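Breakdown of the fold
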Amino acid sequence: MAFFRQVWGGDGQIIKISQLTKDYGSIQAVAGLDLEIDRGEIFGLLGPNGAGKTTTFRMLTMLTKPSGGSASINGYGVTGDLLKVKKVIGVVPQHMNLDQELTARENLELHGRLHKMPGEQRRQRIDELLAYVELAGRAHDLAGKFSGGMKRRLMIARALMHRPGILFLDEPTAGLDPQARRNIWDLIRRMNSEGMTVLLTTHYIEEAEALCHRVGIMDHGRLIALGTPAELKKKVGEVVVEALNHGDNEYRFFAGREQALQYAGSSANNVVIREANLEDVFVELTGRKVGD
Amino acid sequence: MVVLRRNFGKFFSSRLVGPLLYLVAFGWGLGRNIQINGGNYLEFIVPGIIALGAMNTSFNAVGVNLNISRLYYKTMDEYLIAPISAAAFVSGKVLAGSVRGLIDALVILALAFLFGARLAVNGWFLLVVLLTCLVFSGLGVVAAMVVNSHEDMANFSTFVILPMSFLCGTFFLPDSLPKVFGLIINVLPLTHASYLLRAIASGHGIIPLSLAVLAGYALLLFAAGVATVRTVR
């Protein structure tokens, strides 16, 4: 049994974003974003806080109105008939916005009712999903009493209630411990292997590398790089020589180990030779670290 | 939309217990004072307190809750993401607030009878209470959408709700106030609510103009609520 009904058949891009812009006064949070997301992939928007990831996320999930440009999800524009698009997307916001005073089951129940699911179908789906996110034993506990990881899993279950064709996750593992984070990653991979397209935002380098098929790196409201993690790393050079210079480290990128070793041998400073990661890509493209 | 309304009624019923207990305590304390003041004043003041209670409970139930839900818990996002119209959302919130306001009014009414107030309560009386609840639940939605912090929400209550509590014919008739005050007070919805309730309770029947003003406010604030929910994105 396919757990996720394939809502939309066909090939090609599930999301098309063209010149999407959001201005807040004189500040441009998103500055003319062009991006296409393929069906069935896990796509990650990576960037530092304030890069415009969440604003992009909110525009795609219709919580924020774009100032300009357009975006469509499976052909439906996000500025047109919103009710139609809302029916077919699942959204897991960054903020824990479960109703703390309701039980796990009631939170899902409420979501099902908001989507006008008939009673029997609703009950069945809730049982399925609670088992799927491994919360079946906690169905009647208040959501407010759950740990961070459990809340996040419940939010994912909630977003899946109405059988969406694409799942949006905003910083899905922010604030979680390593164990809980791995659980969420496993869950996302499992959903994806069963046919779900996933778009997530993250400021964790390792999350983007470990989880995403393709990554778009954002900075100052713009997309500054796009590709698979391997492609992006290849672009800057797969091996890094980091010259330690009292906190003001210098980075040199090389296509292979031998050139890297040669350079390292000629360096007067202490050096570290390692494989490149997406953080290096970001540093190389912007001259800053992701945290700066 | 019906589903949403039913849903709200069901889920919020658990939360009604708190304000109910609070109001019982409040009503008893207040009731004792009224008895000292004598019977006539009791019958004068009860319709005013009912209007006041309906206003406060409805406004706070919707305004404060929704403001926190929008800005702090972000639970409002769940409704904004759901495929429901702004009108359905506002209906649900306004009805939920009105249910609380009505229960509040009924508790005060019951207490008033226990203290021996003789009031003529009929369908019109309940209709006016309901309208009052609708007006101030609607105002609650608008305030929750427009006001951008919890502190300012408290300020809104202090500047808008609190003056109305005292001035709008609740505890005394505004006739003795300077004329300018009288004019302003006559524009405010709570004045019409307390006049109407008092007239009906004392057996004088309804005041059509006041009823129209209340209904007008209810419709206007509902529409304003829908408009503000639409533009909050």
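Going along each chain's sequence as written, the residues are numbered from 1 onward. Lettering for chains starts from A, numbering for ligands starts from 1, and both go in the order in which the items are written. pLDDT decides what is reported in this predicted model: residues at 70 or higher carry local features, side-chain atom pairs at 80 or more are listed and counted, and totals for whole chains, interfaces and linings draw on all residues regardless.

Re the overall build of chain A
Across its full length, chain A carries 10 helices and 13 strands. It is over C-alpha atoms that the radius of gyration is taken, and the globule rule equals 2.2 Å times the number of residues to the power 0.38. Compactness check: chain A gives a C-alpha radius of gyration of 21 Å against a globular reference of 19 Å for 292 residues, within 12% of the reference. Judged by the C-alpha coordinates and their principal axes, chain A covers about 70 × 45 × 40 Å. We call a residue exposed when 12 or fewer other C-beta atoms sit within 10 Å of its C-beta, buried when the count reaches 20 or more, and partly exposed for counts in between; the C-beta positions come from the backbone. For chain A, with 292 residues in total, the buried portion stands at 42%. Distance between backbone-placed C-beta atoms decides contact: two residues are in contact if it is within 7 Å. A fraction of 67% describes how many contacts in chain A between residues 6 or more apart in sequence connect residues 24 or more apart. Comment: elements are numbered from the N terminus, with helices defined as DSSP H or I runs of at least four residues and strands as E runs of at least two.

Remarks on the environment of Phe146(A)
Residues and elements named next belong to chain A. Summarising the element assignment, Phe146 is placed in the loop between α4 (119-132) and α5 (148-160). Judged by the 19 C-beta atoms lying within 10 Å of it, Phe146 falls in the partly exposed class. Between the alpha carbons of Phe146 and Thr103 there is a distance of 9.9 Å; along the sequence they are 43 residues apart. Residues in contact with Phe146, not counting those within four places in the same chain, are Lys151 and Leu154.

Quick notes on helix α7 (residues 150-167) of chain B
Because each turn of an α-helix spans 3.6 residues, side chains separated by three or four positions end up pointing in the same direction. Residue and element names in this part refer to chain B. Expected helix span is given by 1.5 Å per residue-to-residue step, counting one fewer step than there are residues. Across its 18 residues, α7 extends 25 Å between first and last C-alpha, which sits within 8% of the 26 Å expected from 1.5 Å per residue. Bending of α7 peaks at approximately 30° at the position of Thr158. Just downstream of α7 lies Gly169, where phi reads positive at about 65°. The reported bend at a residue is simply the angle between two axes, fitted to the 7 residues ending at it and to the 7 residues beginning with it.

A few points about the interface of chain B and chain A
In many analyses, interface size is given as the accessible surface area lost on bringing the parts together. On the chain A side, the residues contacting the 15 residues of chain B number 18 residues. Looking at the side of chain B that touches chain A, the elements that each hand over two or more residues are α1 (2-12) and α4 (75-81) of chain B. For the side of chain B that touches chain A, the element with the most residues is α4(B), which contributes 6 residues. Note that Gly is not counted as nonpolar here; it falls among the polar residues with everything else outside the nonpolar set of Ala, Val, Leu, Ile, Met, Phe, Trp, Tyr, Cys and Pro and the charged set of Asp, Glu, Lys and Arg. In terms of residue class, the side of chain B that touches chain A is made up of 9 nonpolar, 2 polar and 4 charged.

Some thoughts on the sheet that holds strand β11 (residues 239-244) of chain A
Residue and element names in this part refer to chain A. Pairing between strands is defined by DSSP: at least two bridges between the two strands are required. Read across the open sheet, the 3 strands follow the order β12-β11-β13; overall the sheet is antiparallel. Each edge of the sheet is formed by a strand with only one pairing partner; in this case those strands are β12 (250-254) and β13 (270-275). Strand-to-strand, the axes of this sheet are offset by a mean angle of 20°, without reference to chain direction. Across 6 bridges, the pairing between β11 and β13 is antiparallel. Counted as the bridge partner of Val239 is Glu275 from β13. Angular values range over 0 to 180 degrees, each being the angle between N-to-C directions of two axes fitted as lines to C-alpha atoms, with helices fitted over their stretch in contact.

Topic: the domain arrangement of chain A
Residues and elements named next belong to chain A. Its domain assignment divides chain A into domain 1 (13-227) and domain 2 (235-286). The source of the domain bounds is an automatic or database domain assignment. Domain 1 and domain 2 are separated by 35 Å when their C-alpha centres are compared. The set of elements that each furnish at least two residues to the side of domain 1 that touches domain 2 consists of α7 (205-211), β9 (214-219) and β10 (222-227). Of the residues that constitute the side of domain 1 that touches domain 2, the class distribution is 7 nonpolar, no polar and 2 charged.

What to know about the packing of helix α3 (residues 104-114) of chain A against α4(A)
Residue and element names in this part refer to chain A. Relative to each other, α3 and α4 sit at 130°, their axes nearing to 10 Å. One finds that α3 runs oblique with respect to α4. Along this stretch, α3 crosses α4, giving a crossing that reads as right-handed. Mapping the contact onto sequence places Ala104, Arg105, Leu108, Glu109 and Gly112 in α3 and Arg122, Arg125, Ile126, Leu129 and Leu130 in α4. Across the contact of α3 with α4, the residue classes tally to 5 nonpolar, 1 polar and 4 charged. Small angles under 35 degrees read as roughly parallel and large ones over 145 as roughly antiparallel, with 65 to 115 read as roughly perpendicular and the rest as oblique. Crossings are assigned a handedness: left-handed for a near helix turned anticlockwise from the far helix by less than a right angle, right-handed for a clockwise turn.

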